[in-house]
Structures are given as C-alpha cells and as structure tokens.
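This is what each chain is made of:
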Number of protein chains: 2
Amino acid sequence: MRLKASDAAMTRAFNASLVAEHGLTVNDFEVLRRLSLEAEGRMRRVDLAQVVSLTPSGITRLLDGLEQAGLVCKDVCTEDARVTYARITPEGRSTLLAAAESHLVALEEIFAERFSSEEVEALGELLGRLPGAADGDAQCVG
Amino acid sequence: MRLKASDAAMTRAFNASLVAEHGLTVNDFEVLRRLSLEAEGRMRRVDLAQVVSLTPSGITRLLDGLEQAGLVCKDVCTEDARVTYARITPEGRSTLLAAAESHLVALEEIFAERFSSEEVEALGELLGRLPGAADGDAQCVG
DNA sequence: GTGGTAATGTTGACTGCGCAAGCAAACGTA
DNA sequence: TACGTTTGCTTGCGCAGTCAACATTACCAC
C-alpha cells in the first residue's frame, strides 16, 4: 500500500513548487481554497481545522502566517464570543487564483497521465471511505 | 480527493498508538520492517531513505533514535568506506514483532471493515502508480 | 443568581524532518 | 600521480504541526 510514503514524496514536491512560486504551503493553499468556497469566504477556525485535518493549534499558527501575509483576516462572531472566523481577503483570493493556476495544473497532470477519469473517480471514492476523509470535496477554485 | 488530509489524520492516529504502546513512530516501524525483510537484516542508509521516502538527513536522525534505543546498529561496509549499513538488532526484531501485532491488526481492521479484498488490491494498484510509490511491497513482518 | 461542564481559541515546549552546507571516500580522466 | 566530480552520510538551522495547559465564553442544572 504505502499510502504514506507515496503521499509524502508527492506532497513534498507540490509543497516545494508552491512555496517557491507563491510562498504557500500545501496546507496554506488548501485553507485558502476552502475559505474561498464558503459563503462570505469565511469559516470558524475549528471547522477549518477539521476539514484540513489540523489541530486547533495548528490552524492558529497557519492562520497567523496567512494573516501576516494579508491573505486572511479575523472576523468576530456576534452570537458567540468564543469563535472567531477566518476570512479570506481579496489579496488572498488573488494569490489563491495565481497559485491554483500552477498547482492545480500540476496536480491535474500527475493524475491525467496515469489514471483515466473513471480511475480517478474510483480512487476518490475508495479513499473517501478512510477515516478522516469526512465529507464533500468541491474541486474548483472558482 | 483529499489524499493528503485523510492520510494525515490516519497516520496521526496510528502514530499515536504506536508511540504510546511501543515508543515507535510510523516511520520507525516502517524502517524496522524494511530492515527485517532484508537478507542479514541490513540496508545501506541511502536505500533505506529512499524506500521510506525520507531524505538522507531524515534517515540519519531517525536511525539515531533507533540506535539509542538499541533497535538498530551500524555496520561498516568493507568494499566502500563511505557507506554504513543500518542493521536491525535482535531487540529491534522483537519490538517490531510486538508493535506489528497491534499495528498491523489495527491497519487490517481499518481496511477490512471498509474494503473488500479486491478493492484493497485495486487501491494498492492505483496508488502504486503515483510518483514516489516506487517498488515492491512485501506485506508481512517475517 | 451560582456552580459545573463543554466548546473555542491561544501559547509554550517539543518533535520530526527538510534544506543547505560540509566532510570523506570513491571514481573518473588525464 | 593529481584533480575534479559524484556519492554517502552528518550537522546547523528553521519550519510546520502536535500536545498539554490555559483563559474565555457558553450552556445547563439547581
């Protein structure tokens, strides 16, 4: 199986180019992507943590970085003073788009050149059964 | 797809129990397992790095830990003074066996309860096409 | 109200690991 | 023989992310 090993190598490769070209880690990218798909481009930090499989503290630090870079900002929640939203900024959206252009294309290539679309589908379905694979999975960056 | 996310969560879970029960990380385990499958239970460090998808420095540090724990030791190479082998010790083998008992069973359970054996096979084949998925993949722990 | 428990988020200490740089041995080529 | 290049491995430094502990706020009993 070697799920871990193959993934590690691949993730590293993607990370390297993302970092080099846009200063984003794969997780940064994924966070921006998830935020961009939300209504109002924002999410509670806990929920964000869950969808990208990080701990709350991990999300805090990741968002610290994105915030310093001006790609996300905090929103307060009026109904619950404990929660703070992470919201993607316009700059966040534009660097997401820029990064997506190369990153998603690279990803697409990797898969296109070794799987048929049915196989991609099958692979996605199988992996989706794994614990932690949670839920929905919108593909685009629109 | 969420290859990364699901894997991260799963790896973390496995890691936690391995560490708690045997003081091994998933990578420690995998290294011991690979070594145990080799003739004379040893491997050059570079090769080991490759099969577990670590960099040479990563392997150095990982083996440092295993060596301190007495689970592996160094062997010199008589033909090439640059290389040093990592060899699994008898203690290494016994803790590997102990860890395998719970770890492999846990792994087996995860898969058995959500995939048929054909599906496991299919999944393995598909993932095997990914870059970094290299090669052979003996499943047992000797 | 007052107490107890749960949920959200942050911080400090730590770990695993990559990268860049270095050293030593080996392998050219001349 | 000498010199440049490659290969194997280690070390210094930094980063991402975990865990444990904590502070707030919310919810729920009474």
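See the structure printed just above.
Each value, and the rule that gives it
Residues numbered from 1 in each chain as written. Chains lettered and ligands numbered in written order. Predicted model: local features only at pLDDT ≥ 70, side-chain atom pairs only at ≥ 80, totals over all residues. Helix = DSSP H or I, 4+ residues; strand = E, 2+ residues; numbered from the N terminus. Buried ≥ 20, exposed ≤ 12 C-beta atoms within 10 Å, placed from the backbone. Contact = placed C-beta atoms within 7 Å. Expected span 1.5 Å × (residues − 1). Near = placed C-beta within 6 Å. Nonpolar A, V, L, I, M, F, W, Y, C, P; charged D, E, K, R; others polar. Pairing = 2+ DSSP bridges. Axes fitted to C-alpha atoms, helices over the stretch in contact; angles between N-to-C directions. Parallel < 35°, antiparallel > 145°, perpendicular 65-115°, else oblique. Left-handed = near helix turned anticlockwise from the far one by under 90°.

Asks: Looking at this structure, how should I read the overall build of chain A?
Replies: Secondary structure assignment for chain A yields 6 helices and 3 strands. What you see in chain A, going N to C, is helices and strands ordered as α-α-β-α-α-β-β-α-α. Within chain A, buried positions represent 27% of all 142 residues. Put simply, of all contacts in chain A between residues at least 6 apart along the chain, 49% involve residues at least 24 apart.

Asks: Sorry if this is basic, but what is going on with helix α2 (residues 26-37) of chain B here?
Replies: Along an α-helix, residues three or four positions apart point the same way, because every turn accommodates 3.6 residues. With 12 residues, α2(B) should reach 16 Å at 1.5 Å per residue; the first-to-last C-alpha distance of 17 Å fits that figure. Residues of α2(B) that are buried: B:Asn27, B:Asp28, B:Phe29, B:Glu30, B:Val31, B:Leu32, B:Arg33 and B:Leu35.

Asks: How should unusual backbone geometry be read in this particular structure?
Replies: Even without a glycine there, the phi angle at A:Ser53 is positive, about 55°. Mapped onto the secondary structure, A:Ser53 falls in the loop between α3 (45-51) and α4 (56-68). The residue B:Glu40 is not glycine, and still its phi comes out positive at about 65°. By the secondary structure assignment, B:Glu40 is in the loop between α2 and β1 (42-44). Accessibility expressed as a C-beta count within 10 Å gives 10 for B:Glu40, which makes it exposed.

Asks: Any chance you could explain the protein's contact with DNA strand C here in plain terms?
Replies: Taken together, 22 residues surround DNA strand C, and among them A:Val46, A:Ser57, B:Ser57, B:Gly58 and B:Ala81 come closest. Looking at which element gives the most residues to the surface near DNA strand C, the answer is helix α4 (residues 56-68) of chain B, with 4 residues. Considered class by class, the residues forming the surface near DNA strand C number 7 nonpolar, 8 polar and 7 charged.

Asks: What should I look at first to understand the sheet that holds strand β2 (residues 72-76) of chain B in this one?
Replies: Strand pairing in a sheet is mediated by backbone hydrogen bonds. Such pairs are either parallel or antiparallel. Residue and element names in this part refer to chain B. Spatially, β1-β3-β2 is the arrangement adopted by the 3 strands of the open sheet, whose pairing is antiparallel. Of all the strands in the sheet, just β1 and β2 have a single pairing partner and so form its edges. Between one strand and the next, the sheet's axes are offset by a mean angle of 30°, whatever the strand orientation. Note that β2 and strand β3 (residues 84-88) share 5 bridges and pair antiparallel. Within β3, the position partnered with Cys-73 by the bridge is Arg-87. Against the sheet, α2 touches β1, β2 and β3, its axis set at about 95° to β3.

Asks: Please clarify how the sheet that holds strand β3 (residues 84-88) of chain A should be interpreted in this entry.
Replies: Residues and elements named next belong to chain A. Taken in spatial order, the 3 strands line up as β1-β3-β2 in an open sheet, and their pairing is antiparallel. Each edge of the open sheet is held by one strand with a lone partner, namely β1 (42-44) and β2 (72-76). Adjacent strand axes in the sheet meet at a mean angle of 30° when their direction is disregarded. By the bridge criterion, 3 bridges tie β1 to β3 in an arrangement that is antiparallel. When the sheet's bridge partners are listed, Arg-44 is paired in β3 with Tyr-85. Packing of helix α2 (residues 26-37) onto the sheet brings it into contact with β1, β2 and β3, and relative to β3 it is tilted by some 95°.

Asks: I tried to follow the protein's contact with DNA strand D on my own but got confused; where do I start?
Replies: With respect to spatial proximity, 23 residues lie near DNA strand D, and among them A:Ser57, A:Gly58, A:Ala81, B:Val46 and B:Ser57 are the closest. Mapped by element, the contributors of at least two residues to the surface near DNA strand D are α4 of chain A together with α1 (3-22), α3 (45-51) and α4 of chain B. For the surface near DNA strand D, the leading source of residues is α4(A), giving 5 residues. Of the residues in the surface near DNA strand D, the class split is 7 nonpolar, 9 polar and 7 charged.

Asks: Would you take a moment to explain the packing of α2(B) against helix α5 (residues 90-112) of chain B for this structure?
Replies: When two helices pack together, their arrangement is given by the angle between their axes and by how far apart the axes lie. All names here are of chain B. Where α2 meets α5, the closest approach of the two axes is 10 Å, and the angle between their N-to-C directions is 120°. Judged by the angle between their axes, α2 and α5 are oblique. The hand of the α2/α5 crossing is left-handed. Contacts from Phe-29, Leu-32, Arg-33 and Ser-36 of α2 reach α5 at Gly-92, Arg-93, Leu-96, Ala-99 and His-103. Each residue belonging to the contact of α2 with α5 can be placed in one class, and the counts come to 4 nonpolar, 3 polar and 2 charged.

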